[in-house]
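Observations on the three-dimensional arrangement
Next come the chains, spelled out residue by residue.
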Amino acid sequence: MQTPEFQGTHLFDRLCWAKENLDGVQSDYRVVYEDSIDECAKILVPDPNWMACALQGGILPPVWVYWELAKDEAQPDFKKHTRGYLLHETEPMPAMTEEEAIEYLIQKDVPQHVWKTWNEGNKPKMVICKKEQLPQTREWRNAWRISDDLELAA
Amino acid sequence: MAGKIIADTLEHSTAGSIATNYVVDGSAKSWVNFNGTGTIASRDSLNVSGLVDNAVGDYTCTYTSSMGNSDYVNSSVAMCEDANARGPFALGVRIDGTGVPTTHTTTATRYEYLYGASASSDGGTQDAPHLYIIVHGDLA
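The sections below set out a description of the structure shown in this document. (Residues numbered from 1 in each chain as written. Chains lettered and ligands numbered in written order. Predicted model: local features only at pLDDT ≥ 70, side-chain atom pairs only at ≥ 80, totals over all residues.)

A separate point is the interface of chain A and chain B. Counting from both sides, the interface comprises 34 residues of chain A and, opposite them, 32 residues of chain B. Looking at the side of chain A that touches chain B residue by residue, the class counts come to 16 nonpolar, five polar and 13 charged. In the sheet, strand S2 (residues 42–46) of chain A pairs with strand S5 (residues 50–55) of chain B via four bridges, with the strands oriented antiparallel. In the sheet register, proline 46 of chain A faces S5 of chain B, and the bridge partner there is glycine 50 of chain B. (Contact = placed C-beta atoms within 7 Å. Nonpolar A, V, L, I, M, F, W, Y, C, P; charged D, E, K, R; others polar. Pairing = 2+ DSSP bridges. Helix = DSSP H or I, 4+ residues; strand = E, 2+ residues; numbered from the N terminus.)

Put into structure tokens, the structure is as follows:
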């Protein structure tokens, strides 16, 4: 199905169009990351309807838009967004592969201090894996950590 | 988009009228139904980009179309077997020790599914297989 010309259309309206016209895509990818030494490893799961939008193209804004809005929100005098138009008026992203979508989602939803320095330090702070690679039960869930002995693919 | 109707008021033939901003402002801006056990997964949703499994009974929901400010409202329901044989159970926005939400930004909310304390032991968090969340407020 062809995506309508959406530049200038409110992002929420685009998502409603996608909800009506696209089937959700359950990704097998998971992103495991550690953003605090006081907390166990967290697992980011892509939403199926969001993944459908990413694969379709022409719906989601570029990820830098979210970074700009996050900068505004981080200001001490922030009350409400005044640059929401960036979400709606910026040219949408073209169709992504599932792997590109996961990279985009990491840059949107994982804290920047994690993904920008994921492989600095004594061990990786973030790993992309398939859901089958996660523990099959939630036993000791609050103690899960990324392995110190993890061997990374080149 | 094709088929756009611009109107400030909807009027019924006998039952009165309503301003369309009631519809726009009152509609849910995000919702999700997900399984918080095993490898957590969304069953269906609107305006959600992802779910984060933070720990037992501890989840973050992230939004695709950002909220306009952080004063939006979250409604939530959860259902599971009462494995701890006590209550009450509640799914709500996770707060820190001073009562401030841990994460309640324009792009994400962090939730906890909690069970109550008993006379002899503390309450805590628990995973639940049926978690339903709705968000109302203004979009960016």
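A separate point is the nonpolar core. Ranked by size, the top nonpolar core spans 50 residues in total, and within it Val31 and Leu44 of chain A carry the most contacts. Examining the composition of this core, we find that five residues originate from one element, helix H5 (residues 98–109) of chain A, more than from any other. Setting aside chain neighbours within four positions, we find leucine 44 of chain A in contact with Arg30, Val31, Tyr33, Leu105, Asp109 and Val110 of chain A together with Gly50 and Val52 of chain B. (Core = buried A, V, L, I, M, F, W, Y, C linked by C-beta atoms within 7 Å. Buried ≥ 20, exposed ≤ 12 C-beta atoms within 10 Å, placed from the backbone.)

Moving on to the packing of helix H1 (residues 11–21) of chain A against helix H2 (residues 48–56) of chain A. Residue and element names in this part refer to chain A. Look at H1 against H2: their axes get within 10 Å of each other, and the N-to-C directions meet at 100 degrees. Comparing the axis directions of H1 and H2 gives the class roughly perpendicular. In this structure, H1 contributes Leu15, Ala18 and Lys19 to the contact, and H2 contributes Asn49, Ala52, Cys53 and Gln56. Of the residues in the contact of H1 with H2, the class split is four nonpolar, two polar and one charged. (Axes fitted to C-alpha atoms, helices over the stretch in contact; angles between N-to-C directions. Parallel < 35°, antiparallel > 145°, perpendicular 65-115°, else oblique.)

All right, on to the pairing of strand S1 (residues 9–12) of chain B then. Residue and element names in this part refer to chain B. As paired strands, S1 and strand S2 (residues 16–19) are joined by four bridges and run antiparallel to one another. When the sheet's bridge partners are listed, threonine 9 is paired in S2 with alanine 19. Linkage of S1 to S2, two consecutive antiparallel strands, is achieved through a turn of three residues.

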